[in-house]
Amino acid sequence: MTEKQQTGDSYWLRTAPDGRHPALSGDLEVDVAVIGAGIAGLCTAWELTRAGRSVAVLEAGRVAAGVTGHTSAKVTAQHTLIYDKLRRTRGSEGARLYARSQSEAIEHTADVVAELGVDCEWERRSAYTFVRDGSGVEELRAEARAAREAGLPASFVTGTGLPFPVAGAVEVTGQVQFHPRKYLLALARDIVARGGRIHEDTTVVGLEEGTPCRLSTSTGATVTARDVVVATHYPVFDRALLFTRLSSRRELVVAGPIPAGQDPEGMYITQEENTRSVRTAPYGEDGSRRLLVVTGEHFTPGTGDPRAGFDRLSAWAREHFPGVELTYSWATQDNDPTDTVPLVGPLHPGARHTYVATGFGGWGMSGGMMAGLLLTAQITGEKCEWSGLYDPRRLASTVREAPSFLKHQAQVAKHFVGDRLRPSPPVEALPPGEGAVVRVDGGRLAVYRDDEGSLHAVSARCTHMGCLVDFNAAERAWECPCHGSRFDTDGKVVQGPATRPLERRDI
């Protein structure tokens, strides 16, 4: 990636029809309001609509264009090295329920794809977690045993389709990869066809819980609903202080066509080298090429220089897949729960009609599908065997895995205090295409100089909890290192939990 090159829309966004839905213009009353039109929100809305509930989906941006539109789109119950840990922390039954919930969600989605006749490039592939360093082999052997005991078709192997040798890998057969936006746009069309409502460009800014609940929106309209689902990736309403149990990370993606003969014919991931994830997707009409998708170089939003990460990731892809022309680059964002398992269920201990889905830890495709089934069961009064496993109100696992919780809080405190002590560069030294937090009249401003040389200044205080943002030069965005909120160069919210823009300032 050259110094001035920017990342663009993901391949999934560029290659799927852009169905648009109107902003909410008047008050609305429904059975269920779903906030967020990513995979968790749309899967939940579709299931509820099919169950006979009237549903409105409220999306601040566009359908399936946020985190879901920038995923690597691997749909698997193999989530790197999770089952051996679950077996130790939640027992064999907890590991079994996790595997079953994820697997059943995938198979249910396969049925939906068939039922709706969705052309979303649904392909069965084995999923692999691999290591090249022999010191990690025993950990993989333990993971393979734990995953197999949990009910997955897992085994330890030493041979893969990768173009380089590995010391070992956990293989789980029968997993899936697909085009996420094509699938979710089909769900959205069917939701509307069944009488559901979808409103884009509608930011929910207020929640009044009760019987019924009331949502206030940026358009001035009010939505009244018996039940509310917060499926905004990072909760925009956090009455259970879930932000203390979630840490945000951003990950880079590069992609480009390769000859079909170079296809490794699987989905691969390693935690080595700051993560390397590899898969391919259909590309072109004649089947002679595949799209190589390589992900890695994760970092906390608002820290480091992603341009160097793009360079490393691109170099890795070219080294192992000679001749690949990397024509796409983008980045995605994930939230990791401090106690391993996603938070799906009642929003807080006193919640009666509000629910949340968050903390998928990089595995939001199968997790979002699972959340749709789980939340629908809870809202309609059906029994779900794994409700307790994912319950956001759980305390035992938070206490048990306290070191992760405390480490996350220490990092937030470090940024909240330390970032205010950073030296301030002079505005005059800011080159075109760059941004920096500068001190002006005793305060901190986030200042960006565009390619024409004009300055754009906004408050540097994130509107979520007041941490100072920093500039991501690769994507030309302001990012909060505390909880992952992102803003464009004029302060508009790109990604929550913030719901209000950075205030514009004169400079």
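Cut-offs used in this document
- Residues numbered from 1 in each chain as written.
- Predicted model: local features only at pLDDT ≥ 70, side-chain atom pairs only at ≥ 80, totals over all residues.
- Heavy atoms only, no water.
- Axes fitted to C-alpha atoms, helices over the stretch in contact; angles between N-to-C directions.
- Helix = DSSP H or I, 4+ residues; strand = E, 2+ residues; numbered from the N terminus.
- Parallel < 35°, antiparallel > 145°, perpendicular 65-115°, else oblique.
- Left-handed = near helix turned anticlockwise from the far one by under 90°.
- Contact = heavy atoms within 4.5 Å.
- Phe/Tyr/Trp six-rings, centres within 6.5 Å; stacked < 30°, edge-to-face > 60°.
- Buried < 20%, exposed > 50% of the residue type's maximum accessible area, 1.4 Å probe, protein only.
- Lys NZ or Arg CZ within 6 Å of the ring centre and 35° of its normal.
- Pairing = 2+ DSSP bridges.

A. Layout of the packing of helix α2 (residues 39-50) against helix α3 (residues 83-116). With their axes 13 Å apart at the nearest point, α2 and α3 run at an angle of 65° to one another. Taken together, the axis directions place α2 and α3 in an arrangement best described as roughly perpendicular. Of the two elements, α2 crosses α3, and the hand of that crossing is left-handed. Mapping the contact onto sequence places Trp 46, Glu 47 and Arg 50 in α2 and His 108, Val 112, Glu 115 and Leu 116 in α3.

B. Structural view of the packing of aromatic side chains. Taken as a whole and judged by the stated rule, the model has 13 aromatic pairs. Judged by centre distance (6.3 Å) and plane angle (35°), the ring pair of Tyr 11 and Tyr 283 falls under tilted. Highlighted residues: Tyr 11 in helix α1 (residues 11-14) and Tyr 283 in strand β13 (residues 276-283), separated in sequence by 272 residues. Classification of Tyr 11 as buried rests on a relative accessible area of 7%. One aromatic cluster in this structure is built from Tyr 11, Trp 12, Tyr 283, Tyr 328 and Trp 330. The ring of Phe 164 carries Arg 132 above its face, with NZ or CZ at 4.0 Å from the centroid.

C. How the structure looks around the pairing of strand β14 (residues 289-299). With nine of its 11 residues buried, β14 lies for the most part within the structure. Of the strand pairs in this sheet, strand β11 (residues 246-259) and β14 are connected by nine bridges, and their pairing is antiparallel. When the bridges of β14 are listed, Leu 252 appears paired with Gly 296. Looking at chain direction, β13 and β14 are connected through eight bridges and run antiparallel. Within β14, the position partnered with Arg 279 by the bridge is Val 293. Where β13 folds back onto β14 in an antiparallel hairpin, the turn is made up of five residues, including Gly 284, whose phi is positive at roughly 85°.

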